[in-house]
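Descriptive analysis of the structure
Here are the chains, one letter per residue:
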Amino acid sequence: MLDIQDRKYANEITAANEGERVSIAGWVHEKRDLGGVFFLVVRDISGFAQVTLIRKKTEKELFERVKRVPRESVVAIQGRVKSEQKAPNGYEIVPERMEVLSEASQVLPLDTTGKVGAELDTRLDARFMDLRTERTKHIFIIRSHVLKAIRDFLDERGFIELNTPKIVSAATEGGTALFPISYFEREAFLNQSPQLYKQMLMASGFDRVYEIAPIFRAEEHDTTKHLNEATSIDIEVAFVDHEYVMTLLEELVAFVYSKVADYPGLAKLNSNLEVPKTPFRRITYDEAIELLSGVGEEIEWGEDFSTSAEHTLGKIIDELYFITDWPSAIKPFYAQPAAGGTCNAFDLMHPRVELSSGSQRVHSYELLKQQIESKGLSADNFEFYLDAFRYGMPPHAGWGLGAERLLMCMLGIGNIREVVLFPRDRRRLVP
Ligand code: ATP
Ligand code: MG
């Protein structure tokens with residue numbers, strides 16, 4: 001048995017190791033038979049190693065076994081390093097031993113070299129294998145970097161990461177887009193947002209909290225920007241207003257872009273990511289209506305923007321921007337009312353889609369109760385939430401940012417499903 005725990009990663013070896021005996025392990029990425037010479041490309045998380053066998057020099061049994069091993073099998077190989085400029089990382093391995101740790105079936109669900117493209121559905125059905133392709137691998141490494149960058153950014157600013165329940169008894173905003181579940185002898189729901197809980201935490205004295213966690217939305221529509229299970233990055237800050245959290249949001253987004261721009265694997269995604277400059281452009285809801293009207297798209301005051309209106313605005317503005325001063329009627333009850341039927345709510349928009357929604361929140365118990373009722377909801381269902389406003393609740397503000405929306409926009413990816421490991425949508429519950 002080869003000592004695979006002591007193996008080297010493909011990128012740990014260079015031509016400078018010429019003559020050394022090494023072990024590598026990974027998947028059989030490619031096999032190339034040139035008659036007298038046979039190349040086996042082995043892939044691991046770090047990259048590729050070329051294993052070169054010369055028919056006349058290699059032991060016959062080893063030569064035949066290497067030739068026969070099916071692509072995508074997991075192998076461990078021991079051999080000598082030889083410098084070879086044309087090979088990845090400038091070296092090749094002349095093998096002495098090979099062990100097949102797991103033989104792959106001959107017919108593969110996907111081509112991992114990326115030479116033969118596949119439909120997204122096929123890729124998602126065989127996601128474990130799709131993750132072996134360079135492009136998909138880098139999407140998820142970037143996703144990990146993005147979440148880490150967000151945590152670093154918020155931790156550095158004194159935020160505390162908390163976790164709120166995902167099984168709840170009441171709808172956040174009274175919407176219908178909820179998944180009911182059976183909870184012993186009662187009905188419960190999967191939480192559509194941590195909104196009510198993160199606000200309740202403002203009464204705790206923690207001041208700055210965030211949560212990165214799943215949200216569940218029973219939206220039936222099949223679009224390229226909606227998931228039924230998404231990841232929301234939520235923050236809530238006490239003693240500040242909406243302007244404060246907008247600044248925080250734009251600085252966070254620019255920071256994340258800059259981190260991703262520095263990631264070498266980005267090249268594999270052909271994205272032309274540009275780090276946005278802060279502050280982002282701000283337009284009011286009224287100004288957005290005017291811009292749309294200017295190109296013949298009429299929106300009535302108090303109406304929400306359709307996907308097509310969002311796209312038109314995106315084309316006109318062509319950069320990240322905020323829409324502010326929304327009519328209260330189309331924002332949730334917890335948004336702080338302002339003059340003329342508007343509220344202190346904002347959306348952060350990418351030219352393609354909405355990235356985030358936030359607001360200054362109502363912190364007066366009386367006003368909040370009134371707002372809940374004026375939306376046609378029953379205050380009784382919100383008692384657990386309203387209670388937190390009765391014994392000392394500071395003014396506060398916050399936002400929720402969709403992790404997948406941010407990733408798809410940043411990386412120029414067309415379908416949101418590409419940036420989730422195992423997406424949940426109307427048709428997809430497996431794998
Ligand atoms: P949209 O109108 O674009 O469907 P929304 O206004 O319903 O979004 P919010 O309730 O404001 O969404 O949620 C805050 C953020 O969470 C959104 O800006 C978005 O980034 C993300 N988000 C919400 N719903 C989904 C979803 N179904 N799939 C993916 N991300 C979502
Ligand atoms: Mg929104």
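Criteria and thresholds
Residues numbered from 1 in each chain as written. Chains lettered and ligands numbered in written order. Predicted model: local features only at pLDDT ≥ 70, side-chain atom pairs only at ≥ 80, totals over all residues. Heavy atoms only, no water. Phe/Tyr/Trp six-rings, centres within 6.5 Å; stacked < 30°, edge-to-face > 60°. Helix = DSSP H or I, 4+ residues; strand = E, 2+ residues; numbered from the N terminus. Lys NZ or Arg CZ within 6 Å of the ring centre and 35° of its normal. Domains from an automatic or database assignment. Contact = heavy atoms within 4.5 Å. Buried area = accessible area lost by both parts, 1.4 Å probe. Salt bridge = Lys/Arg side-chain N within 4 Å of Asp/Glu carboxyl O. Polar contact = N/O pair within 3.5 Å; in protein donor to acceptor, adjacent residues only side chain to side chain. Nonpolar A, V, L, I, M, F, W, Y, C, P; charged D, E, K, R; others polar. Pairing = 2+ DSSP bridges. Axes fitted to C-alpha atoms, helices over the stretch in contact; angles between N-to-C directions.

With respect to the packing of aromatic side chains
Scanning the model with the defined rule gives 16 aromatic pairs in all. Relative to Phe63, the ring of Phe38 has its centre 6.3 Å away and its plane inclined at 65 degrees; by these criteria the two rings are edge-to-face. Of the two residues, Phe38 sits in strand β2 (residues 37–44) while Phe63 sits in helix α1 (residues 60–68), which places them 25 residues apart along the sequence. Clustering of aromatic rings is evident, with ring pairs tying together Phe333, Tyr334, Phe382, Tyr385 and Phe389. Over the ring of Phe153 we find Arg157; its NZ or CZ atom is 3.6 Å from the centre of that ring. Residue placement shows Arg390 over the ring face of Tyr365; its charged tip is 5.7 Å from the ring centre.

Observations concerning the domain arrangement of the protein
Annotation of the protein at the domain level lists domain 1 (4–102) and domain 2 (127–419). Its C-alpha centre places domain 1 at a distance of 48 Å from the equivalent point of domain 2. The interface of domain 1 with domain 2 comprises six residues on the first partner and five residues on the second. Across the domain 1 to domain 2 interface the summed buried area is about 430 Å²; carbon plus sulfur atoms make up 55%. Contact with domain 2 buries area across many residues of domain 1, yet Arg43, Ile45 and Glu72 alone supply 65% of it, more than any other trio. Scanning the region where domain 1 abuts domain 2 turns up one salt bridge. Of the charged contacts in the structure, one is a salt bridge between Arg132 and Glu72, with a shortest N-O distance of 2.9 Å. Between domain 1 and domain 2 we count two residue pairs in polar contact (both at pLDDT 80 or more) in total. Looking at the side of domain 1 that touches domain 2, its residues break down into three nonpolar, no polar and three charged.

Remarks on the sheet that holds strand β13 (residues 321–327)
Here we have eight strands laid out as an open sheet, ordered β6-β10-β11-β16-β15-β14-β13-β12, and mixed in their pairing. This sheet does not close on itself; its edge strands, each paired only once, are β6 (160–161) and β12 (281–284). The pairing of β6 with strand β10 (residues 208–216) spans two bridges and is parallel. Bridging across to β10, Ile160 finds its partner in Val209. Packing of helix α6 (residues 242–261) onto the sheet brings it into contact with β10, β11 (229–238), β12, β13, β14 (342–349), β15 (354–360) and β16 (396–402), and relative to β16 it is tilted by some 30 degrees.

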